[in-house]
Amino acid sequence: MEFALTEEQRIIKQTAREFANEQLAPLAAQYDRTEEFTAPQAKLLGEMGFLGMMVPEEYGGAGLDTVAYVLAMEEVSRACASTSVTMTVQNSLVCWPISYFGTEEQKKKYLVPLAQGKTLGCYGLSEPAAGSDPASMATMAVEDGDDYILNGSKIFISNGGVADIALIWATTSKELKHKGISCFIVETNAPGFVVGAEEKKLGIRGSNTVELHFENCRVPKANLLGKAGDGFKIAMQTLDGGRIGIASQAVGIGQACLDASVKYAHERQAFGKTLAEIEAIQIKIAEMAMEVQASRLLTFHAAWLKDQGVRFSKEAAMAKLHASVAANRAADMAVQIHGGYGYLRDFPVERLYRDARITEIYEGTSEIQRLVISSMTLKEGRPATE
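What counts and what doesn't
Here the residue index of a chain counts from 1 through its sequence in written order. Side-chain atom pairs in this predicted model are given and counted only at pLDDT of 80 or more, local residue features only at pLDDT of at least 70, and totals for whole chains, interfaces and linings cover all residues. Excluding hydrogens and water, the side-chain values take into account all heavy atoms of the structure. Under the DSSP-based scheme used, a helix requires at least four consecutive residues in state H or I and a strand at least two consecutive residues in state E, with every element numbered from the N terminus. Using C-alpha atoms as the atom set, the radius of gyration is obtained and then compared with a globule rule of 2.2 Å times the number of residues to the power 0.38. Any residue under 20% of the maximum accessible area for its type is buried, any over 50% is exposed, and the rest in between are partly exposed; the area is computed with a 1.4 Å probe on protein chains only. A cavity here means a set of points on a 1 Å grid, drawn over the protein atoms and nothing else, where a 1.4 Å probe fits but cannot get out; a pocket is an open set with protein on both sides within 12 Å along at least five of seven lines, and a residue lines either one if it has an atom within 4 Å of a point. Grid points are joined across faces, edges and corners, and a volume is the space filled by probe spheres set on the points. Under the convention adopted here, Pro, Cys and the residues Ala, Val, Leu, Ile, Met, Phe, Trp and Tyr are nonpolar, Asp, Glu, Lys and Arg are charged, and Gly plus all remaining residues are polar. Side-chain atoms within 4.5 Å link the members of a nonpolar core, which is a set of buried Ala, Val, Leu, Ile, Met, Phe, Trp, Tyr and Cys residues. Contacts: residue pairs with any heavy atoms within 4.5 Å of one another.

Draft legend 1. The overall build of the protein chain, seen in detail. Across its full length, the protein chain carries 10 helices and 10 strands. Against the globule reference of 21 Å for 386 residues, the protein chain gives a C-alpha radius of gyration of 21 Å, in line with a compact fold. Dimensions of the protein chain along its principal axes, counting C-alpha atoms only, are 80 × 60 × 40 Å. Per-residue burial over the protein chain gives 54% buried out of 386 residues.

Draft legend 2. Geometry of the layout of surface pockets. The volume enclosed by the second largest pocket comes to roughly 350 Å³. Lining the second largest pocket we find 19 residues, and of these Trp 96, Tyr 100, Gln 237, Lys 306 and Phe 312 sit closest to its centre. Mapped onto the lining of the second largest pocket, the elements with two or more residues apiece are α4 (81-101), α6 (231-267) and α7 (279-308). In terms of residue count, α4 provides more of the lining of the second largest pocket than any other element does, five residues in total.

Draft legend 3. Structural context of empty space enclosed by the protein. If you walk through the whole model with that rule in mind, you get two cavities of 30 Å³ or more. In this structure, the largest cavity encloses a volume near 50 Å³. If you go around the largest cavity, the residues you meet are Met 54, Thr 66, Tyr 69, Asn 91, Ser 92, Trp 96, Thr 238, Gly 241, Gly 242, Ile 244 and Lys 306. Elements supplying a minimum of two residues to the lining of the largest cavity: α3 (66-79), α4 and α6. Tallying contributions element by element places α6 first for the lining of the largest cavity, with four residues. Class assignment of the residues belonging to the lining of the largest cavity gives a composition of four nonpolar, six polar and one charged. Of the voids in this model, the second largest cavity is the one considered here, and its volume is about 40 Å³. Every residue lining the second largest cavity is listed: Ala 28, Tyr 31, Asp 32, Cys 80, Ala 81, Ser 82, Arg 351 and Asp 355. Those elements that place two or more of their residues in the lining of the second largest cavity are α1 (7-34), α4 and α9 (348-357).

Draft legend 4. Focus on the nonpolar core. Ile 98, Ile 165, Leu 167, Trp 169, Cys 257 and Met 288 are the most contacted members of the largest nonpolar core, which totals 71 residues. Of the residues forming this core, the biggest block, 15 residues, is contributed by α6. Discounting residues that sit within four places of it in the chain, Cys 257 has contacts with Met 288, Ala 330, Ala 331, Ala 334 and Leu 352. Listed in part, the 23 residues of the second largest apolar core include Phe 19, Tyr 69, Val 76 and Ala 79.

Next comes the structure, spelled out in structure tokens:
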């Protein structure tokens, strides 16, 4: 769909590419090595307007569409997947639900600084015993006067240790199961909001991932996002958009693997010729190029559907599944093309191999995506008499 991009979208893509090449790529290996949060890069993302891309201008955002967001996400992810975690969490998982479900007061108080990059947010859904099954969550929110009191824990929370606000899902009516889940905007400096130890991860090491604990954490009722019991609906709709973000991240990682492999194939000599002249390498390059482009088109399509205001759940799942699998295949082939050098940290494909792995896990595993796709496809093909 690159042939159908508007002039504005092309400018966004080019701007993001130049920014990523100049500001992100040179430091990606360093942040991976030190496992420090890419705070300076996050600040730069805010200054570029990349942390509130789809937020209306009246609330401090760039007022752009999802396709423009996908284009920028791919370029940032190609240069530094760790930095793109902050970008996708802020845009897809925090700004969007507040923009769509928030009250006017919530938008003015929380969305404006988020969209401008002055504050960071995080998304708290997964729990130790409730990952792919959020309806089993144990975190509770009990009414107490003008407040709710939260108790429980969340795990694998990206940006959780550096966020200023957190969107937290909790059960307000246990007997209603998933219909008794609500969502809250929680300020991270609230008493009883406890940040656990930072996780040591295989990849995306420059992103911040922690556990969050709530010990009689008091949250004003004014910070309820949507209505009580709307939480499951809010979470699922938010994840649909989030999967587009992860798909674009995976496309960026896959493209980086392809770029590195093409460069190395032209430089490396073997058997009296460059790797680029060897048929076995050419086949791998062809497979990588085809799968990355197919992932890109699936992602563009899902983003375009979202911009049209129609349902895009199946297409988002397709894009996320295909792009994440393709990114991992591309990373595997990139390491193989590099041979022994691909196993060394001196070469970027070693980091890309590790960064790619998470794309098949977070915001819905590949198994969950297949269930979403099959369920919706079977439903669409159900005979009218059923």
